[in-house]
Amino acid sequence: MNISTADFWGYVGQMLDGAVVTIQLFMSGFTLALVFGVAIGIITLSRNIVIQAVWRVYASIIMGVPSLLIIFLLYYGGSAMLRGLFGNNLYVDVTPFGAGLAALTIVYAAYVAELVHGAVRNLPRGQFEACAALAIRPVSAWRHVIMPQLARLALPGLVNIWLIVLKDTPLVSLAGLNDLVANAKIAAGATKEPFVFFIAASLFFVVASALTMPLSNWLERRFARGLQRVKA
Amino acid sequence: MNALPIDPALAWESLPAMLRGLMTTVVVTVIVLALGLMLCVPVTLARMSRNPLLAWPAAVFVVFFRGAPLLILLYLVYYGFGQIEVLRDGPLWFIFGSAFACAVIGLTLNHVAFMVDVVRGSLEAVPAGLTEASAALGIPPRDTFRQIQLPLAMRYGLKAYQNEVVMFTKGTAVISVVTVIDLTAVANEVFELTYDPFTPMLTAGALYWCLVNLIRLGFRKLEAYLSRHHIAVEKQRQPASAGFTALAARWKLALSQKEQVL
Amino acid sequence: MTSLATEAPMASPVAEPLRPIAVEMTGVDKWYGTFQALKGIDLTVRKGEKIVICGPSGSGKSTLIRCINRLEPHDKGTITVNGIELDGSPGRTQDVRLECGMVFQQFNLFPHLTILENCMLAPRLGRGVAKEQAEAIARRYLERVRIGEQAMKYPSQLSGGQQQRVAIARALCMEPRIMLFDEPTSALDPEMIKEVLQVMEDLAAEGMTMICVTHEMGFARRVANRCVFMDKGEIVEEATAEDFFGNPDSDRLKQFLAQILH
Ligand SMILES: Nc1ncnc2c1ncn2[C@@H]1O[C@H](COP(=O)(O)OP(=O)(O)O)[C@@H](O)[C@H]1O
Ligand SMILES: [Mg+2]
């Protein structure tokens, strides 16, 4: 190693700071995507033609365009868009974090909404019929019968989205966010030790992905109270 | 946002460069997909092998290259190769030193790791009853694999493969970080020249959208071809699904039978 | 609710024309797209009567019974349940569903709720019954179907026969005047059919108005006041159980009986 130990630890400290930013962005992005996605998913079950049209266009764009492009669009064009929306006198400086958070939310809310639709499709129709036959009103049926089962049906897909968001988070460094990957790149360039720092950064994500498994298994067990066998 | 300042003249002017960028994106995608199809077979076999000397390294490979973000893998390959003296002074440096090759290598590592799971998942999705039935008929294991398991697994795996191809194609947008001039790189250049935040990104977005939907269309054709024998079955089942649609109609739900994305 | 009162006399086959009408269908048509599933159905069921409906698969039995509580809307004719005409208004539909309990072939228990919670849910939500009272009702009916000791289990922990008995208890908890059964024993293993039929016979003995789609001939002979044979969306023959099995009129029924009695 051709740098002093003090310098080395300095870079490690910088990477840890970056890791905190990455975790913050990932957590807030995933949470917002989840909240908006579930809301959008339920709203777009409606057959209202306007809602359907807006949803189809939104989903199609998100599914067809790289998230990196959306990050760039919101970062470069964010303040112009906000001015367009709220009037010209407003001036907001769009930070990389803000643009990244907005992009992750907009992109992955669509995926969560798709997931909600899939879960409703996979719910046996008998569940809806039994509610109707028991004279349970639709709103109550959703709250007490449908939603609790959707949570369980959507969980595996949600874990998937969690992992994808995790691996999309570093893209925001390309909009100038000073996150783990940006700092790894600085450290690698300065120390000429790309392997050390990039492998360390990779391991952060590998370990974070690996930790997801026990977490999701635990959640699955909690949701699956007495559901070893699921019948039609 | 009703008045997005899109500049048609700029879009038109930058279109040739954009299309050249799109070409690069397509070439990289095709090369890596081909490499992925070739390399996933030995790695999957190793991963599923009972020999721990094969299974363990393959498992580590998959966990690492699946879990690491593509962006870091590209940095690792691009900046890392230059540090390896054998490579730098070797005869193949004209390959390993080129940005294009680094992009292909980084993408391939990531893609192969995902492909191993796609292939493994599809093989495991073939019901055990079918292989047992085949064995009970006296068909040798080799033929059972080739005649029963493989064709069925291809059908089961097609959806997962399509998702991976689409995700991967969109993922190639980061290769500009190793100085490959792909579609996203061109859009960025146009932005830096004009400071028009909307026109280049939206033009590039439209081109990506066309590419991705072309891929989806291709897969739909392929799927229709591979599942010819299912069509009769689907027709028989129609009342049930029609019934569900009717039910959904009553509950005012809009459930299209469209593909699931994840 | 007095409809379950044990002193209610067993209706004798023909000689009770003066009992009030529970369900009346006149000229009911039902279309699925271009396919006509019900053709001019006329059916009158009086209070306390037990009707068994049978017929080949696809003949419209389920459709008929599901029209009675408007799980399927009918297209022509009138359906009146305990004096409430089903005209499509949500209020009337809700009222009719409060009058009718329904038991499905596939049980349709709520898998995420315990047996007790399954039985308490509808009274609490639909009738606004207080929690303690709902629990008391639920426990009473679970005892009645001889499954009281399983109250804290989840549906997946019970056998098919037990689940179907829970489904019957769940419907009874709403204290309906009419019970609709759509092939309640068709999804059960033979050794479990008896326990479910026994519960249904007990219910019949208590004077409940029952409309059952079933092919259990023993049950039909013991319990039914009238048997109805359906084919291709029409009611072909309607007779007392004795005549129905002993002296069938139409060739279609003769054929059908020959098939199922083998
Ligand atoms: N939701 C539906 N959409 C279209 N056709 C249906 C639907 N439900 C039932 N059918 C058709 O209506 C006919 C009667 O069905 P059903 O009442 O379920 O018959 P049964 O219960 O006597 O077997 C069948 O031919 C069936 O295919
Ligand atoms: Mg039926």
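Residues numbered from 1 in each chain as written. Chains lettered and ligands numbered in written order. Predicted model: local features only at pLDDT ≥ 70, side-chain atom pairs only at ≥ 80, totals over all residues. Heavy atoms only, no water.

1. Describing the overall build of chain B
Counting its secondary structure elements, chain B contains eleven helices and zero strands. Taken from the N to the C terminus, the helices and strands of chain B come in the order α-α-α-α-α-α-α-α-α-α-α. Relative to its 262 residues, chain B shows a buried fraction of 44%. For chain B, the exposed area adds up to about 13900 Å²; of that, 69% sits on carbon and sulfur atoms. (Helix = DSSP H or I, 4+ residues; strand = E, 2+ residues; numbered from the N terminus. Buried < 20%, exposed > 50% of the residue type's maximum accessible area, 1.4 Å probe, protein only. Areas by Shrake-Rupley, 256 points an atom, 1.4 Å probe, with all protein chains shown as cover.)

2. Let's talk about the interface of chain C and chain A
With 27 residues of chain C at the contact, the number on the chain A side is 24 residues. Interface area, chain C with chain A, both sides summed: about 2400 Å², of which 59% is carbon and sulfur. The largest contributions to the chain C side of the interface with chain A come from P111, H112 and S156 of chain C, which together make up 26% of the buried area. Our count for the chain C to chain A interface comes out at five residue pairs in polar contact (both at pLDDT 80 or more). Those elements giving two or more residues to the side of chain C that touches chain A turn out to be helix 2 (90-99), strand 6 (100-103), helix 3 (115-126) and helix 5 (160-172) of chain C. The residue makeup of the side of chain C that touches chain A, split by class, is 15 nonpolar, eight polar and four charged. (Contact = heavy atoms within 4.5 Å. Buried area = accessible area lost by both parts, 1.4 Å probe. Polar contact = N/O pair within 3.5 Å; in protein donor to acceptor, adjacent residues only side chain to side chain. Nonpolar A, V, L, I, M, F, W, Y, C, P; charged D, E, K, R; others polar.)

3. Focus: the interface of chain B and chain A
The partner chain A presents 57 residues to the 52 residues of chain B that form the contact. Our count for the contact surface shared by chain B and chain A stands at zero salt bridges. Scanning the region where chain B abuts chain A turns up eight residue pairs in polar contact (both at pLDDT 80 or more). Those elements that provide at least two residues to the side of chain B that touches chain A are helix 2 (52-67), helix 3 (70-81), helix 8 (141-171), helix 9 (183-194), helix 10 (199-226) and helix 11 (230-250) of chain B. Here the side of chain B that touches chain A takes eight residues from helix 10 of chain B, the largest share from any one element. (Salt bridge = Lys/Arg side-chain N within 4 Å of Asp/Glu carboxyl O.)

4. Quick notes on the UniProt feature "transmembrane region" (unreviewed entry) in chain B
The UniProt entry lists residues 20-41, 53-81, 93-114, 165-186 and 198-219 of chain B under the feature "transmembrane region" (unreviewed entry), expressed in the numbering used here. This span, residues 165-186 of chain B, is 50% helix and 0% strand, and a straight line between its end C-alpha atoms measures 22 Å. (UniProt positions renumbered as here; feature names shortened; annotations may be inferred.)

5. Brief notes about the UniProt feature "domain: ABC transmembrane type-1" (unreviewed entry) in chain B
Here, UniProt's "domain: ABC transmembrane type-1" (unreviewed entry) annotation points to residues 22-220 of chain B. Span residues 22-220 of chain B is 83% helix and 0% strand, its end C-alpha atoms 23 Å apart.

6. Digging into helix 8 of chain B
With 31 residues, helix 8 of chain B should reach 45 Å at 1.5 Å per residue; the first-to-last C-alpha distance of 39 Å falls well below that figure. Along helix 8 of chain B, the largest kink reaches about 45 degrees and is centred on G157 of chain B. (Expected span 1.5 Å × (residues − 1). Bend = angle between axes of the 7 residues up to and from the residue.)

7. Some words on the packing of helix 1 (residues 5-43) of chain A against helix 8 (residues 194-223) of chain A
Residue and element names in this part refer to chain A. Here helix 1 crosses helix 8 at 30 degrees, and the two axes come no closer than 12 Å. With respect to helix 8, the element helix 1 is oriented roughly parallel. The handedness of the crossing between helix 1 and helix 8 is right-handed. When helix 1 is examined against helix 8, the residues F8, Y11, M15, A19, T22 and I23 are found in contact with a partner set consisting of V196, F197, A200, A201, F204 and F205. For the contact of helix 1 with helix 8, the per-class residue count stands at eleven nonpolar, one polar and no charged. (Axes fitted to C-alpha atoms, helices over the stretch in contact; angles between N-to-C directions. Parallel < 35°, antiparallel > 145°, perpendicular 65-115°, else oblique. Left-handed = near helix turned anticlockwise from the far one by under 90°.)

8. Considerations on the packing of aromatic side chains
All chains considered together, the criterion is met by 23 aromatic pairs over all chains. Look at F72 of chain A and Y76 of chain A: their rings are 5.5 Å apart centre to centre, the planes differ by 5 degrees, and that puts the pair in the stacked class. Here F72 of chain A pairs with Y76 of chain A, and both are found in helix 3 (residues 67-86), just four residues apart, close to one helical turn. Classification of Y76 of chain A by relative accessible area gives buried; the value is 19%. For the ring pair F244 of chain C and F245 of chain C, a centre distance of 5.3 Å and an interplane angle of 80 degrees mean the geometry is edge-to-face. We note that F244 of chain C, like F245 of chain C, is buried. What links up through ring pairs into an aromatic cluster is the set F72, Y75 and Y76 of chain A together with F191 and Y195 of chain B. (Phe/Tyr/Trp six-rings, centres within 6.5 Å; stacked < 30°, edge-to-face > 60°.)

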